[in-house]
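# Structural features, examined
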Amino acid sequence: MARKHPKPIRAKVQPGHPFFEIIERAYEAFDVPKPDSTDVCVGCCMEADIEADFFNPPIRELPLHYLQDWFFAAYDPEGVSKRTWSYLLPRILEVLAVDEEPANVGLEVSLNRFRTGDKDLWPSQQWAVLDDFQRAYLDREIKRIGGECLDDAICMFGLAGWPLNELFEQVSAQSDRILAERFFSDWCVGRPSIWITAFWEQPGNTEAFNFYTSRDLYERMEALALDEGTDPELAEKALSVASVIQSNADWAQPG
């Protein structure tokens with residue numbers, strides 16, 4: 001029998017957490033049989049005792065370090081099977097919900113081992129959970145100040161197959177105040193620059209940059225900064241964001 005790691009399970013959503021209901025629905029919707037394979041490199045990348053014990057704990061009790069070891073392992077560039085991904089997905093969503101990263105290399109690659117954001121690949125009950133999780137998670141990240149940059153979360157969903165135009169529409173739907181606070185935190189603390197994560201693939205990075213440097217976003221920040229009713233501290237932040245946009249936007253360059 002494989003030796004089980006004595007470390008705690010970790011990264012569990014507790015009752016009262018904002019994502020508790022969504023995660024409970026995820027475990028119900030993705031209550032699928034255990035797979036026959038981990039769909040990653042066998043006998044090499046994962047720790048031997050973790051690999052041997054990986055499917056023994058119930059999915060709700062899969063230790064975080066087991067999941068992270070699985071993410072560390074090499075896999076087929078085409079991705080993993082839907083069967084394996086469906087089994088692991090509720091635990092992956094739970095880990096993300098409590099601000100942990102399943103993949104130690106970066107948040108951005110947490111959901112891209114299968115086309116998680118492709119609506120056509122999922123039954124309606126499962127897609128409803130995925131759609132609700134994506135919207136709740138991105139809403140939380142837009143309103144968060146500090147920590148990972150917003151672009152990292154957008155990239156995570158983009159790489160997983162969610163349409164980029166829909167993701168950016170969710171960002172645009174937020175108030176000018178929220179966007180000014182978020183982008184000031186991401187772009188203007190320290191050396192001013194627009195943050196684009198290196199995990200983007202073409203054309204995603206271009207689309208992201210075009211959104212961040214859009215005339216519409218610039219005009220929203222400028223209007224907020226110049227509005228006499230805006231708190232002076234917020235106005236200063238909005239002006240800083242507008243300045244960063246203007247210095248990077250093609251439409252604002254002489255010529």
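Before reading on, note that the structure itself is shown above.
The sections below set out a description of the structure shown in this document. (Residues numbered from 1 in each chain as written. Predicted model: local features only at pLDDT ≥ 70, side-chain atom pairs only at ≥ 80, totals over all residues. Heavy atoms only, no water.)

Take Q68: it is sitting in helix α3 (residues 64–72). Accessibility expressed as a relative area gives 15% for Q68, which makes it buried. Separated by 24 residues in the primary sequence, Q68 and I92 place their C-alpha atoms 9.8 Å from one another. Those residues in contact with Q68 that lie beyond four places of it in its chain are E101, P102 and N104. (Helix = DSSP H or I, 4+ residues; strand = E, 2+ residues; numbered from the N terminus. Buried < 20%, exposed > 50% of the residue type's maximum accessible area, 1.4 Å probe, protein only. Contact = heavy atoms within 4.5 Å.)

Turning next to the nonpolar core. As a rule of thumb, nonpolar side chains are buried together in soluble globular proteins. Within the largest apolar cluster, 80 residues are counted, with the highest numbers of intra-cluster contacts made by W70, W85, L111, F133 and W187. The element contributing the most residues to this core is helix α4 (residues 82–97), with nine residues. With residues up to four places along the chain from it excluded, the contact list for L111 reads W85, L89, I92, L93, L96, T116, M156, F157, A160 and W162. (Core = buried A, V, L, I, M, F, W, Y, C linked by side-chain atoms within 4.5 Å.)

Here the focus is the environment of K237. In this structure, K237 sits in helix α11 (residues 232–248). Put simply, K237 and Q126 are 111 residues apart on the chain and 40 Å apart in space, counted from C-alpha to C-alpha. K237 has contacts with E181 and F184, leaving out every residue within four places of it along the chain.

This brings us to the pattern of salt bridges. Applying the stated rule across the entire model yields 16 salt bridges. A salt bridge links E100 to R10; its shortest N-O distance comes to 3.2 Å. In this pair, E100 sits in the loop between α4 and α5 (124–143) while R10 sits in the segment before α1 (20–29), placing the two residues 90 residues apart along the sequence. With a closest N to O distance of 3.0 Å, R25 and D132 form a salt bridge. Here R25, found in helix α1, pairs with D132, found in helix α5; they are 107 residues apart in sequence, far enough to count as distant. Each of D99, R140, E141 and R144 takes part in salt bridges that share partners, so that together they form one network. (Salt bridge = Lys/Arg side-chain N within 4 Å of Asp/Glu carboxyl O.)

We now examine the layout of surface pockets. A volume near 270 Å³ is recorded for the largest pocket. Taken together, 14 residues line the largest pocket, and the ones lying closest to its centre are R115, G158, L159, A160 and E201. Listed by contribution, the elements that provide at least two residues to the lining of the largest pocket are α6 (150–159) and α9 (204–212). Within the lining of the largest pocket, the residues separate by chemical class into seven nonpolar, four polar and three charged. (1 Å grid on protein atoms, 1.4 Å probe; cavity = no way out; pocket = protein on both sides within 12 Å on 5 of 7 lines; lining within 4 Å. Points joined across faces, edges and corners; volume = space filled by probe spheres on them. Nonpolar A, V, L, I, M, F, W, Y, C, P; charged D, E, K, R; others polar.)

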